[in-house]
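This is what each chain is made of:
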Amino acid sequence: MSALLTVEHLSMRFGGLLAIDDLCFAADERRITAIIGPNGAGKTTVFNCLTGFYRPDVGRLTLHRPQGPLYLERLDGYRIAQAGVARTFQNIRLFPAMSVLENLIVAQHNVLMRASGYSVAGLFGAARFRRAEAEAIEFARSWLERVDLVERADSPAGSLPYGAQRRLEIARAMCTRPRLLCLDEPAAGLNPRESAELTALLRSVRDREGIGVLLIEHDMSVVMGISDHIIVLDYGKKIADGTPEQVRHDPNVIRAYLGEAEHEALPAEIAADLRRDDRPT
Amino acid sequence: MVANPNTAPRIDIAALLKDAALTAAVAFALALPLIGFRTVDDPAGLGIETRFDWVATGVGAVFLGRLLLSWLFALRGQRPAVGSGWLAHARAQLDPHMKWIALAGMLFAFLLPFLPFSSRYTIDIATTVLIYVMLGWGLNVVVGLAGLLDLGYVAFYAVGAYSYALLAVTFNLSFWECLPLAGLFAAFFGILLGFPVLRLRGDYLAIVTLGFGEMIRIILLNWVPVTRGPDGVSGIPRPSFFGLPFTANPPEGVTAFHEFFGIAYAGSHRVTFLYFLILLLALITNLFTLRIRRLPVGRAWEALREDEIACRALGINPTNTKLTAFAIGAMFGGFAGAFFATRQGFISPESFTFIESATILAIVVLGGMGSQIGVVIAAVLLILLPELGRELAEFRMLLFGAAMVLIMAWRPRGLLAHREPSMRLHSRNHRGES
Amino acid sequence: MGYFLQQLINGLTLGMIYGLIALGYTMVYGIIGMINFAHGEIYMIGAFLAVIGFTVLGLLGISYVPVALLIVLFTAMLFTAVYGWTLERVAYRPLRSAPRLAPLISAIGASIFFQNYVQLAQGARVKPIAPVISGGYTVFEEGGFTVQLSYVQILIWLLTLALMVAFALLIQRTSLGRAQRACEQDRAMASLVGIDVNRTISLTFVIGATLAAVAGVMVTLYYGVVDFYIGFLAGIKAFTAAVLGGIGSLPGAMLGGLILGLVEAFWSAYFSVEYKDVAAFTILVLVLIFKPSGLLGRPEVEKV
Ligand SMILES: Nc1ncnc2c1ncn2[C@@H]1O[C@H](COP(=O)(O)OP(=O)(O)O)[C@@H](O)[C@H]1O
Ligand SMILES: [Mg+2]
């Protein structure tokens, strides 16, 4: 298994706040790597550094590609996306007035732009462009089928229900044909049935497209069910890194989630019990 | 709505009165100094003329108006939701017939000069309307599609006009040679201005373009050796019909339009020709816009208007994409400017003030950002209003300023804005659509 | 030397006026993250109120300068504040959650409205007033060239400095200042902890308008002429000052104003008067290219 992305010594500061503190981890191809941690731990900030929205203070972010490594920390966001890193946002960012289909076509902008001869050939209706456009629509339709939105293809994206908007955002990211998909809390606000569908979708993305997935998620049923590898952040620091089994029983993680103070306040036996309960019998 | 006597909204008259009184008090404070006291010129300096009767009338009207409005809202139970209502509905109803409406409009435009009631005066006015339609369509690319607020559009109009005028006067180039050059120059200025600013947030662009419009005017006024300063450029060659000039007595060896066609000379020939010229230019602008909206770059403009951050995450280069919109808008402004120069035969910096930019922006906003037909309606309204009376001419910009504020509050996407997807997966009447 | 000194004095005076207007831009930007496009017109209205005020007082025979000045300052600030409040209430508040372009357009609409309103109500002609305060000190004399520091200039300096101090205290010490800073950082959170966000924003517009009114009164005293179009260029220049100092930064606005005033004075003196307005614009574009966060502003990290 080769690493698709390596993050080395990443740090990011906002004024007096050290949002990420010397973070190192790797994400592999054909693997779902989850980043978990309490609110404010710095998870979204990691994504923002990876996708070029924030410029990290220190750190090397490397995307490993067949044609050689690419260092992301100095690239503009749109170049990172062109290099194959797609993402979704914690608070959904669709193009609300545009139709569902158009959202997916915009995601294929660069391919279509080249096919339209940077608009010149497109203005004259070149056959090459028409073919590329038909292919783009076909590709979009295949994704609409996978996220069950074919029926709504021509409605404004802003008119979809919340869960459908989340799915559309994932489909839109996939329409850029990424090698690494970064999802920021995709299950937030979904009902249990939708969460289960999401889990299935992410599995199929990993297995059929064979790409790497980075997943920020709070819903432990989703995380534990599908992650191959989990990284736990707390106050910007990595406190655990391993398989779901390993992370589940890591004392640091338990402390971070339950809170140090509470543990201290509990009678020793009960605290020990708490830990024991988590262990497989 | 079914009126139910039991749940009829209770109206708190006292609260309404209090609200109206407060509004009236604010109106009083606004009106008292500036309307109540009018400064008048006086041999000894300034004099004052009081108009308290105006203030009283105004405040009374505000009180009653506010009372009536809030009473109506209270009757309906709530304030109407922003952006909804009958207008959006009516607009959506019209949509399937848009093709026919557009065709009918075009037919009318082509036949206008030959209709029994049209005179030289009507054709002249129609030409002016079409200039504004073209400018509106050009600016619509920038504001309506790409969501970039350009407050100095007149600068590109001026660049186009001066390019044509100076090239034609200095180098004796013909209108058709100059037209593309005028567009190119304007687009070049657009890129020059847009490049540093388009990386930044939208409001910076707005204020920089506002400044740019004024700077171009100041340069035109003061760079006398080139632009001839406040005197302007005169003697700009009038366009010819493929080399046939519209003159009564052409110089030796040149055939005039009326001679070539063997008809009597009439001044209206040129006016009619100019009318068709601008009609053609405007239609080209329109076709181009409609077409480019369906290309990747057009969709990227709209996507940028909707959410720039999402665009970056999809690999769209925001600066370059905005720059193309800005340059294309500028280019159409430049074309319109060249036409303006050849039509007038004389241009000076006075034709390119902020009021012009504001007028064009008002046309786009009133018409509904992104709506092509809306621009036509707004341009007709805006140009014809002053023709209807001097009063209307004076109050025109006041009304349009107020209308811009009210329309934004009522329908923030524009009065007639109704977006038709640039492509569809299903046919129009598909059941999946909501 | 004398010439230089005179330009320095004139430039500083002009800069203080720009600075006062720039404060309004920067405050509003700080709190709602938007440029108040109609702010230049608010200043123009302040100047008109000064012209009307001085003329009315003159007709009433109140000519004792300190009294006339205080009355005019007070009434101009009061009425301009109502304009500022109304502007926010009508053009900005209904659009808090609208697409970004909408408030910009409505503010431009308001600006067009104000310009035409004043033109219609007061006439399009330039309004001159008789000098209210005349005379000054001769600072320096050299070969027939005298460097003058007029009483009006002294008044402008003192008034600006006093306002700056009062203003700094207001922002640092009062609950309004705290509420403003809270709204700047996180409006939703501020309203959760019980801050009346709408009221805070309204008051910000009102304060900006009163400062612009003072600038308007001073310009009227300084130049003695006013017309309905002065808000346009002054608005762009004061905005330039705010950007130069770092938009959102209050000391930055004042600093930017002073620099801009000096640049303009020296540019007119040593290069060309015709292009003095181009100078400000050139600065604006250069700052935006090379240091968009301005001299004292903090670079903005866009929250994603
Ligand atoms: N643009 C920013 N400016 C200032 N502080 C920020 C910014 N972005 C994030 N932060 C801060 O960094 C910390 C981590 O935030 P975030 O990465 O969003 O956490 P998470 O996604 O893990 O909940 C928080 O304290 C947050 O307030
Ligand atoms: Mg987060």
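As shown above, the structure is provided for reference.
Residues numbered from 1 in each chain as written. Chains lettered and ligands numbered in written order. Predicted model: local features only at pLDDT ≥ 70, side-chain atom pairs only at ≥ 80, totals over all residues. Heavy atoms only, no water.

**What to know about the overall build of chain C**
We count it as follows: Elements are defined by DSSP. Helices are runs of H or I of four residues or more, strands are runs of E of two residues or more, and each kind is numbered from the N terminus. For this measure, only C-alpha atoms enter the radius of gyration; the expected value for a globule follows 2.2 Å times N^0.38, where N is the number of residues. The classification of residues rests on relative accessible area computed with a 1.4 Å probe and restricted to protein chains. Under 20% of the type maximum is buried, over 50% is exposed, and intermediate values are partly exposed. Any two residues whose heavy atoms approach within 4.5 Å are treated as being in contact. Residue exposure ignores everything except the shown protein chains as possible cover, and the areas themselves are Shrake-Rupley values with a 1.4 Å probe. Only four residue types enter the tally: Lys and Arg on the positive side, Asp and Glu on the negative side; His and the chain ends are excluded. A single reference atom marks each charge: NZ on Lys, CZ on Arg, CG on Asp, CD on Glu.
Within chain C, the regular secondary structure consists of 11 helices and 4 strands. On C-alpha atoms alone, chain C measures out to a radius of gyration of 19 Å, which is about the 19 Å that the 2.2 N^0.38 rule sets for 304 residues. Each principal axis of the C-alpha atoms in chain C carries an extent, and together these give about 65 × 50 × 35 Å. Buried positions account for 58% of the 304 residues belonging to chain C. Long-range pairs, those at least 24 residues apart, make up 76% of the contacts in chain C with a sequence separation of at least 6. Accessible area of chain C: about 12100 Å², with a carbon and sulfur share of 67%. For chain C, the distance from the average site of its 16 positive side-chain charges to the average site of its 13 negative ones is 11 Å.

**Examining the environment of Arg66(B)**
Residues and elements named next belong to chain B. To keep things clear, this is the line we draw: N or O atoms closer than or at 3.5 Å make up a polar contact, with two conditions inside protein: a donor-capable atom paired with an acceptor-capable one, and, for residues adjacent in sequence, both atoms drawn from side chains.
By the secondary structure assignment, Arg66 is in helix α2 (residues 52-76). Under the relative-accessibility criterion, Arg66 is labelled partly exposed at 32%. Remark: the alpha-carbon pair of Arg66 and Ile278, spanning 212 residues in sequence, is separated by 45 Å. Those residues in contact with Arg66 that sit more than four places away from it in its chain are Asp19, Ala20 and Thr23. At 2.8 Å, the side chain of Arg66 forms a polar contact with the side chain of Asp19.

**Some thoughts on the interface of chain C and chain A**
We count it as follows: Accessible area that two parts lose when put together, evaluated with a 1.4 Å probe and summed over both, is termed the buried area. Basically, the charged four are Asp, Glu, Lys and Arg, the nonpolar ten are Ala, Val, Leu, Ile, Met, Phe, Trp, Tyr, Cys and Pro, and anything else, Gly included, counts as polar.
If you look at the interface, chain C gives 4 residues, while chain A gives 8 residues. In total, chain C and chain A occlude about 420 Å² of area from one another, counting both sides; carbon and sulfur atoms represent 67% of this. Scanning the region where chain C abuts chain A turns up 0 residue pairs in polar contact (both at pLDDT 80 or more). Residues that form the side of chain C that touches chain A fall into these classes: 2 nonpolar, no polar and 2 charged.

**Concerning the sheet that holds strand β9 (residues 229-234) of chain A**
Residues and elements named next belong to chain A. The criterion, for reference: At least two bridges found by DSSP between two strands is the condition for calling them paired. Axis lines are fitted to C-alpha atoms, over the contacting stretch for helices. Their N-to-C directions set the angle, which ranges from 0 to 180 degrees.
A sheet is described by the order of its strands in space; here 6 strands give the open sequence β6-β7-β8-β3-β9-β10, paired in mixed fashion. Either end of the sheet is taken by a strand with one partner, and the two such strands are β6 (85-87) and β10 (237-242). Direction aside, neighbouring strands of the sheet carry axes that sit 20 degrees apart on average. Relative to strand β7 (residues 180-184), β6 runs parallel, the two sharing 3 bridges. Bridge pairing in β7 links Val85 to Leu180. The sheet strands contacting helix α7 (residues 162-174) are β6 and β7, and the helix crosses β7 at an angle near 160 degrees.

**Looking at the coordination of the magnesium ion (ligand 2)**
Heads up, the condition is: Listed donors are limited to N, O and S atoms within 2.8 Å of the metal, widened to 3.2 Å for Na, K and Ca; water is not among them, so incomplete-looking sites are possible.
Here the magnesium ion (ligand 2) is held by the protein donor atoms Thr44(A) (OG1) and Gln90(A) (OE1), which lie 2.0 to 2.2 Å from it. Here Gln90(A) lies in the loop between β6 and α3 (100-106) and Thr44(A) lies in helix α1 (residues 43-50), a separation of 46 residues in the sequence.

**Considering the interface of chain C and chain B**
Condition: Each reported salt bridge corresponds to a side-chain nitrogen of Lys or Arg within 4 Å of a carboxyl oxygen of Asp or Glu.
Listed by partner, the interface residues are 68 residues for chain C and 59 residues for chain B. Around 5700 Å² of area is buried between chain C and chain B when both sides are counted, 76% of it from carbon and sulfur atoms. The tally of links from chain C across to chain B stands at 1 salt bridge. Between Asp41(B) and Arg125(C) there is a salt bridge, with the nearest N and O atoms lying 3.0 Å from each other. At the boundary of chain C and chain B, one finds 13 residue pairs in polar contact (both at pLDDT 80 or more). Of all elements in the fold, only α2 (39-60), α3 (65-92), α4 (101-122), β1 (127-128), α9 (230-245) and α11 (276-290) of chain C reach the threshold of two or more residues within the side of chain C that touches chain B. For the side of chain C that touches chain B, the element with the highest residue contribution is α4(C), accounting for 17 residues.

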